[in-house]
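# Notes for the structure review
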Amino acid sequence: MSFGIKPLGSRVVIKKLEAEEKTQGGIILTSSAKEKPQMAEVVAVGPGTKDEPMEVKTGDKVVFSKYAGTEIKYGGEEYTIMNQSDILATVE
């Protein structure tokens, strides 16, 4: 599925999953109190490089480094482009 952003090399494009609206105790959080989510869905992957083949694929749910990547807006949505090495794990 191509949506208009094609990452180069070993970069990936992710869409962050929504932050929790409530705490476990039931307190509703305002947008400024929410912690930035560190889980996302991979929406596009680059071809990889000779030294770093791609290990993730489109549709994978991943956990990434807190300050990784470059945030962009495209088609009214927010995405983050980052190196595959900034992805810490996949979530099943």
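Residues numbered from 1 in each chain as written. Predicted model: local features only at pLDDT ≥ 70, side-chain atom pairs only at ≥ 80, totals over all residues. Heavy atoms only, no water.

Our focus in this paragraph is the overall build of the protein. Summing up its helical and strand segments, the protein has zero helices and six strands in all. Taking as baseline every contact in the protein between residues at least 6 positions apart, the subset at least 24 positions apart corresponds to 63%. Element-wise, carbon and sulfur atoms account for 51% of the exposed surface of the protein, whose accessible area totals about 6500 Å². (Helix = DSSP H or I, 4+ residues; strand = E, 2+ residues; numbered from the N terminus. Contact = heavy atoms within 4.5 Å. Areas by Shrake-Rupley, 256 points an atom, 1.4 Å probe, with all protein chains shown as cover.)

Generally speaking, a soluble globular protein has its nonpolar side chains buried in company with each other. Core analysis: the largest hydrophobic core is formed by 10 residues, namely Val12, Ile14, Ala40, Val42, Val56, Val62, Phe64, Ala68, Met82 and Ile87. If you list the elements that add at least two residues to this core, you get β1 (11-16), β2 (39-45) and β3 (61-64). Those residues in contact with Ile87 that lie beyond four places of it in its chain are Val12, Val56, Val62, Val63, Phe64 and Met82. One finds Phe3, Ile5, Ala44 and Tyr79 within the second-largest nonpolar core, a separate group that totals six residues. (Core = buried A, V, L, I, M, F, W, Y, C linked by side-chain atoms within 4.5 Å. Buried < 20%, exposed > 50% of the residue type's maximum accessible area, 1.4 Å probe, protein only.)

In the structure shown here, the tally under the stated rule is zero aromatic pairs. The side chain of Lys15 reaches across the aromatic face of Tyr79, ending 5.7 Å from its centre. (Phe/Tyr/Trp six-rings, centres within 6.5 Å; stacked < 30°, edge-to-face > 60°. Lys NZ or Arg CZ within 6 Å of the ring centre and 35° of its normal.)

Moving on: the pattern of salt bridges. Scanning all chains against the criterion turns up five salt bridges. For the salt bridge of Glu77 with Lys15, the shortest nitrogen-to-oxygen distance reads 2.6 Å. One end of the pair, Glu77, is in strand β5 (residues 77-83); the other, Lys15, is in strand β1, with 62 residues separating them in the sequence. The partly exposed category is assigned to Glu77, whose relative accessible area is 34%. By relative accessible area, which is 28% here, Lys15 ends up partly exposed. Asp60 serves as the salt-bridge partner of Lys57, at 3.1 Å between the closest nitrogen and oxygen. Since its relative accessible area comes to 54%, Lys57 is described here as exposed. The class for Asp60 is buried, based on a relative accessible area of 14%. (Salt bridge = Lys/Arg side-chain N within 4 Å of Asp/Glu carboxyl O.)

Moving on to the environment of Asp86. When you line up the elements, Asp86 lands in the loop between β5 and β6 (87-91). Spatially, the C-alpha atoms of Asp86 and Gly69 are 7.8 Å apart, while their sequence positions differ by 17 residues. For Asp86, the contacting residues outside a window of four places in its chain are Phe64, Ser65, Ala68 and Gly69.

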